[in-house]
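Results of the structural survey
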2 protein chains.
Amino acid sequence: MEGENPPIQDIQPWKAIDTVYTNEKAGMDSVDKDLIKRVIYEASKDSNFFKKDEEKRKQTNERIARLKEKLAKVTEDEMKRYHATVRDSIRSAERERHLSRIWIHVDMDAFFASVEELDDPSLKSVPMAVGSIGMISTANYIARRFGVRSAMPGFIGKQLCPQLALVKPNFRRYKEKSEETKEVFRIFDPDFESGGLDEAYLDCTAFASVHGISGEEIAEQIRNLVMEKTKLTCSCGVACNKMLAKICSDKNKPNGQFFLSPNIAAIKAFVKDLPVRKIPGVGCVTEQLLNGFGINTCGDVIKNAHVIAAVFTPLTLSFLLTSSLGISTAFHGKKPAPGELSRKGISCEHTFTAKEDENTLLQMVGSLAHELSAAMASESIEGLTVTVKLKLSDFTVRTRSLTLLSPISDPESISRIASKMLRKEFPVKLRLLGIRMSGLSPIANANGKPKGNSKGS
Amino acid sequence: MEGENPPIQDIQPWKAIDTVYTNEKAGMDSVDKDLIKRVIYEASKDSNFFKKDEEKRKQTNERIARLKEKLAKVTEDEMKRYHATVRDSIRSAERERHLSRIWIHVDMDAFFASVEELDDPSLKSVPMAVGSIGMISTANYIARRFGVRSAMPGFIGKQLCPQLALVKPNFRRYKEKSEETKEVFRIFDPDFESGGLDEAYLDCTAFASVHGISGEEIAEQIRNLVMEKTKLTCSCGVACNKMLAKICSDKNKPNGQFFLSPNIAAIKAFVKDLPVRKIPGVGCVTEQLLNGFGINTCGDVIKNAHVIAAVFTPLTLSFLLTSSLGISTAFHGKKPAPGELSRKGISCEHTFTAKEDENTLLQMVGSLAHELSAAMASESIEGLTVTVKLKLSDFTVRTRSLTLLSPISDPESISRIASKMLRKEFPVKLRLLGIRMSGLSPIANANGKPKGNSKGS
DNA sequence: ATACATACC
DNA sequence: TACTGGTATGTAT
DNA sequence: ATACATACC
DNA sequence: TACTGGTATGTAT
């Protein structure tokens with residue numbers, strides 16, 4: 001390592017800024033990409049956000065270093081046993097492989113942005129994003145060509161594309177349109193599982209067999225009906241399990257579909273060079289960790305599973321292995337028993353320009369408590385555990401929680417408890433305050449209409 | 001409930017004493033059984049043990065009452081959803097049903113007692129039990145006819161059968177004989193799983209297919225070879241999974257075998273009237289709880305699964321349902337990865353006549369610490385967590401634990417920490433003291449030979 | 001139970 | 001000037 | 001992590 | 001006179 005030339009990053013630091021925003025799809029040549037990286041870097045480099053981000057990446061690298069040390073200490077003998085563990089895991093994963101189910105993952109194209117375009121067609125011809133100067137939810141396809149993406153702050157989007165139109169989100173409207181899509185989904189699978197406003201998983205096995213049609217034909221029908229109903233386009237993935245369907249729905253986006261043939265050879269070929277980051281559940285950090293061990297694709301995961309076994313948790317091994325083999329849930333998950341509410345927590349948080357005045361912060365907690373309490377009332381639920389979330393001005397996150405003896409939902413109780421926890425943290429300079437209630441149960445009160453069920457077991 | 005005659009138990013209290021000892025096998029007529037119950041009752045009724053036992057049973061009954069209240073509050077609507085949950089659970093359990101594996105559970109007959117008879121044939125003709133006046137491990141079949149059973153204290157055994165010969169256990173010898181049996185088991189399944197000195201689970205699928213013989217034939221061979229090798233008899237259960245094999249090995253005990261045909265009809269018939277207590281994992285308490293809801297057999301579990309869903313934990317539901325359907329593990333469990341030691345804890349405890357002198361108790365902790373440390377040294381392991389176990393003179397059990405920053409194994413450290421925890425409990429009158437170490441890792445020291453592996457993940 | 005990290009939309 | 005808000009889940013203690 | 005309960009041999 | 005000892009696992013907090 002010593003005596004080498006300084007790495008390129010020291011001279012063109014933005015080239016190393018391979019953040020969330022830049023590691024996606026094709027469609028731009030490398031000059032464009034380079035420019036985009038540079039703009040993002042310049043816009044970010046002095047912010048606390050950027051510092052925190054770098055710190056995290058550094059810590060992950062240190063974690064990689066520690067794991068590598070651990071790996072180095074593994075004896076040959078132990079490694080043999082890790083290989084055996086891997087063989088075991090693969091064998092038991094394979095028992096969960098189901099090829100005979102037809103899953104379709106439907107993903108609305110640039111959903112929020114498309115709804116806005118629908119409601120104001122003039123937006124169709126300009127680069128546009130739904131969100132605020134602080135944060136973008138979705139960008140339309142024109143804006144994406146400038147490098148504007150979701151989860152990017154609006155001010156960076158503006159720097160990438162000064163003409164960018166920022167449209168304030170209108171969630172009520174998106175919900176409406178989402179309900180329209182659901183009417184379509186129900187036709188094909190009354191039990192479809194939705195994953196947010198803009199996507200859903202449908203088990204179309206029964207529909208296909210009853211109507212004697214293929215998954216691909218069903219996907220066509222879904223896309224047609226969704227268009228008819230909502231005037232919006234969506235993309236579909238057709239495969240034999242949820243994960244594969246989800247990955248497939250991204251393949252021919254927008255307004256397309258992709259069918260993965262339900263046979264092992266096709267699945268293995270599909271998965272072989274798939275970047276691990278495509279596995280739902282593998283985010284930036286896990287990707288960085290795996291890359292640190294030279295594991296970039298699902299094929300690499302299989303080849304190096306013994307390394308993963310040596311260095312990660314058994315659950316992580318099993319998850320990565322299963323996913324990389326193209327295996328995942330092929331049946332609908334159990335719906336929550338009446339024992340449980342389907343929701344496990346409810347929360348409310350706000351970001352603001354960093355503040356340290358104690359009274360101001362305490363007042364904000366009070367108002368959060370009222371907001372949260374109102375949300376709880378509207379579902380007739382109460383909760384046992386109060387968690388306060390603080391984000392310091394340097395983006396460090398802290399949580400403090402307290403579990404009570406009996407559940408509460410009134411704003412006064414929530415406020416009192418949250419304030420007490422906040423006070424213990426003073427002095428602090430905060431950019432975010434949040435309150436969350438968990439351990440939820442329906443309110444069994446006089447005339448309330450509990451929409452949920454009594455806490456189970 | 002009011003105005004009824006006093007229940008029979010008030011007059012003949014021993015009839016209600018349906019404890020561990022009396023609710024087993026046939027072979028005695030009801031007069032005998034009644035006599036046995038009465039003797040046991042008379043021998044027990046004034047002891048602290050008996051009081052604690054009654055207290056626990058009472059608490060379980062209160063728990064049943066509470067669960068029934070909860071059940072009563074379940075609305076029709078909720079109950080419908082519990083039914084749906086059950087349907088879901090059954091569907092997913094059925095996906096785990098494997099009929100094509102051949103499992104054999106081998107259970108040595110009255111193992112310790114039989115070894116003693118082998119070494120001293122004069123014991124064959126008299127009622128005999130291995131154990132002490134305080135506790136019996138195993139009784140031979142002659143003694144069993146008097147009602148003497150394992151887990152019964154020797155003094156009660158003597159009251160049931162004054163001629164009872166009590167033989168002191170010789171574990172080294174049993175281990176030797178157990179190793180002999182294992183040599184046999186390895187022939188049929190090199191990966192067999194042992195469950196204590198006297199039983200094992202063998203997956204004989206491969207052996208059967210390689211040698212073109214049936215499970216029943218293999219069981220014959222196992223029994224012959226075990227007899228040849230050890231001069232001891234054993235019993236075998238042959239079925240398509242571990243649980244069923246285990247239950248089957250009990251069917252024709254001693255010196256017999258039982259084959260359960262691997263088809264759903266046969267399994268359903270087998271399981272229908274099987275008492276829940278036969279399910280390995282369902283002990284006295286769960287049995288009592290289930291009986292409290294009128295659930296006595298596996299058939300009842302299936303019929304009343306919605307009740308179980310409403311009242312027990314999802315895991316318990318799934319376990320009881322799966323078991324009652326005759327489904328269980330059909331493949332060898334993963335062996336511990338080199339990441340882990342196969343052992344998760346190591347402990348040492350002693351019972352004595354109740355003491356409250358603090359110095360005496362502290363000295364006892366010191367000697368336990370030395371014992372434990374020696375056991376750990378012999379395996380070259382150390383541990384992070386120290387747990388002290390106390391049993392008060394009234395049989396109440398208390399545990400206190402502390403997790404350290406770095407692992408220990410030397411007697412001084414263990415003793416120091418355990419004593420500190422004990423002192424906090426003073427004053428107490430104890431009949432048992434124990435120490436356990438967990439969070440184990442191999443000692444990576446100079447010339448030690450770690451038999452295990454470094455702590456994982 | 002508490003605290004924190006990761007992930008997804 | 002300026003990097004969300006809501007939820008679930010995993011991991012460690 | 002801590003405490004306690006259940007289960008098995 | 002007198003009701004074990006060792007281990008794993010689940011549940012709750």
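What you see is a predicted model; the values in this text were computed from it and never measured.

1. A word on the overall build of chain A
If you tally the helices and strands in chain A, you get 17 helices and 12 strands. For chain A, the C-alpha radius of gyration of 25 Å lies close to 23 Å, the compact-globule estimate for 457 residues. The dimensions of chain A, computed from C-alpha atoms along their principal axes, are 70 × 60 × 55 Å. Burial status across chain A gives 46% buried among its 457 residues. For chain A, restricting intrachain contacts to residue pairs at least 6 apart in sequence, the fraction spanning at least 24 positions comes to 65%. Accessible area of chain A: about 23300 Å², with a carbon and sulfur share of 53%. Looking at charge distribution, chain A has the averaged site of its 66 positive side-chain charges lying 2 Å from that of its 57 negative ones.

2. A word on the UniProt feature "domain: UmuC" (unreviewed entry) in chain A
The sites that carry the UniProt feature "domain: UmuC" (unreviewed entry) are, in the present numbering, residues 103-283 of chain A. Each end of residues 103-283 of chain A is marked by a C-alpha atom, and these two atoms are 23 Å apart; helix forms 43% of the span and strand 18%.

3. Observations regarding the packing of aromatic side chains
The description of an aromatic ring pair rests on the distance of the ring centres and on the angle between the ring planes. For the structure shown, the criterion picks out 22 aromatic pairs over all chains. Geometrically, the ring pair formed by Phe171(B) and Tyr174(B) is edge-to-face, given 5.8 Å between the ring centres and 80° between the ring planes. Of the two residues, Phe171(B) and Tyr174(B) are both situated in helix α7 (residues 171-188); the distance of three residues between them amounts to about one turn of the helix. Judged by its relative accessible area of 47%, Phe171(B) falls in the partly exposed class. With 5.6 Å between their ring centres and 75° between their planes, Phe185(B) and Phe192(B) make a pair best called edge-to-face. The exposure classification of Phe185(B) matches that of Phe192(B), with both residues buried. Here the aromatic residues Phe111(A), Phe112(A), Phe171(A) and Tyr174(A) are joined through ring pairs into a cluster of three or more.

4. Let's talk about the pairing of strand β1 (residues 103-108) of chain B
All names here are of chain B. With respect to burial, β1 is a largely interior element, six of its six residues being buried. What you see with β1 is no split at all: Trp103, His105 and Asp107 on one side and Ile104, Val106 and Met108 on the other are buried throughout. Note: β1 against strand β6 (residues 199-203), five bridges, orientation antiparallel. Pairing of valine 106 across the sheet is with alanine 200, part of β6. Across six bridges, β1 lies against strand β7 (residues 234-239) in antiparallel orientation. Paired with histidine 105 across the two strands is glycine 237, which belongs to β7.

5. Notes on the protein's contact with DNA strand D
Residues and elements named next belong to chain A. In the neighbourhood of DNA strand D, 27 residues make up the surrounding shell, with Ser44, Arg343, Ser347, Thr351 and Arg431 lying closest. Sugar and phosphate atoms constitute 57% of the interface atoms of DNA strand D, taking the interface as everything within 4 Å of the protein. Interatomic distance of 3.3 Å between a backbone N/O atom of glycine 134 and a sugar or linking oxygen of DNA strand D. Within the contact set of DNA strand D, a phosphate oxygen lies 2.4 Å away from a side-chain nitrogen or oxygen of threonine 351. Those elements that place two or more of their residues in the surface near DNA strand D are α6 (154-160), α15 (314-324), β9 (345-355) and β12 (430-442). Element by element, the count of residues in the surface near DNA strand D is highest for β9, at seven residues. Classifying every residue of the surface near DNA strand D by side-chain character gives 12 nonpolar, nine polar and six charged.

6. Digging into the packing of helix α3 (residues 76-94) of chain B against helix α15 (residues 314-324) of chain B
All names here are of chain B. Their axes nearest at 10 Å, the elements α3 and α15 cross at an angle of 55°. Relative to α15, the element α3 is oriented oblique. For α3 against α15, the interelement crossing comes out right-handed. Contact residues: Thr85, Val86, Ser89, Ile90 and Ala93 in α3; Leu317, Leu321 and Thr322 in α15. Residues that form the contact of α3 with α15 fall into these classes: five nonpolar, three polar and no charged.

7. Thoughts on the relation of the copies chain A and chain B
The operation relating the pair of chain copies consists of a rotation about an axis and a translation along that axis. Once turned by 180° and shifted 0.0 Å along the axis, chain A lies on chain B with an RMSD of 0.0 Å. Expressed as a symmetry operation, the mapping of one chain copy onto the other fits a two-fold axis. A shared binding surface is used by both copies, with 100% of the interface residues of chain A retained as interface residues in chain B.

8. Some remarks on the sheet that holds strand β8 (residues 257-259) of chain A
Residues and elements named next belong to chain A. Strand order in this open sheet of five strands is β5-β6-β1-β7-β8, and the pairing throughout is mixed. Each end of this open sheet is capped by a strand with a single partner; those strands are β5 (193-194) and β8. As judged from the three bridges shared by strand β7 (residues 234-239) and β8, these two strands associate in the parallel manner. From the neighbouring strand, glycine 237 faces β8, where its bridge partner is phenylalanine 258. In the packing of helix α9 (residues 215-230) onto the sheet, the strands contacted are β1 (103-108), β6 (199-203), β7 and β8, and the crossing angle to β7 comes to about 160°.

9. Things to note about the protein's contact with DNA strand C
Residue and element names in this part refer to chain A. Neighbouring residues of DNA strand C: 20 residues in total, closest Asp198, Lys246, Thr286, Ser401 and Thr403. Taking all atoms of DNA strand C within 4 Å of the protein, the share assigned to sugar and phosphate is 98%. The contact in question runs from a sugar or linking oxygen of DNA strand C to an N or O atom on the side chain of aspartate 198, over 2.5 Å. Within the side chain of threonine 403, a nitrogen or oxygen atom sits 2.4 Å from a phosphate oxygen of DNA strand C. Mapped onto the surface near DNA strand C, the elements with two or more residues apiece are α12 (284-292) and β11 (397-408). Looking at the surface near DNA strand C residue by residue, the class counts come to six nonpolar, seven polar and seven charged.

Reading guide: rules and limits
- Residues numbered from 1 in each chain as written.
- Chains lettered and ligands numbered in written order.
- Predicted model: local features only at pLDDT ≥ 70, side-chain atom pairs only at ≥ 80, totals over all residues.
- Heavy atoms only, no water.
- Helix = DSSP H or I, 4+ residues; strand = E, 2+ residues; numbered from the N terminus.
- Rg over C-alpha atoms; globule rule 2.2 N^0.38 Å.
- Buried < 20%, exposed > 50% of the residue type's maximum accessible area, 1.4 Å probe, protein only.
- Contact = heavy atoms within 4.5 Å.
- Areas by Shrake-Rupley, 256 points an atom, 1.4 Å probe, with all protein chains shown as cover.
- Lys, Arg positive; Asp, Glu negative; His and termini not counted.
- Charge placed at Lys NZ, Arg CZ, Asp CG, Glu CD.
- UniProt positions renumbered as here; feature names shortened; annotations may be inferred.
- Phe/Tyr/Trp six-rings, centres within 6.5 Å; stacked < 30°, edge-to-face > 60°.
- Pairing = 2+ DSSP bridges.
- Near = heavy atom within 4 Å.
- Polar contact = N/O pair within 3.5 Å; in protein donor to acceptor, adjacent residues only side chain to side chain.
- Nonpolar A, V, L, I, M, F, W, Y, C, P; charged D, E, K, R; others polar.
- Axes fitted to C-alpha atoms, helices over the stretch in contact; angles between N-to-C directions.
- Parallel < 35°, antiparallel > 145°, perpendicular 65-115°, else oblique.
- Left-handed = near helix turned anticlockwise from the far one by under 90°.
- Least-squares fit on C-alpha atoms with pLDDT ≥ 70 in both.

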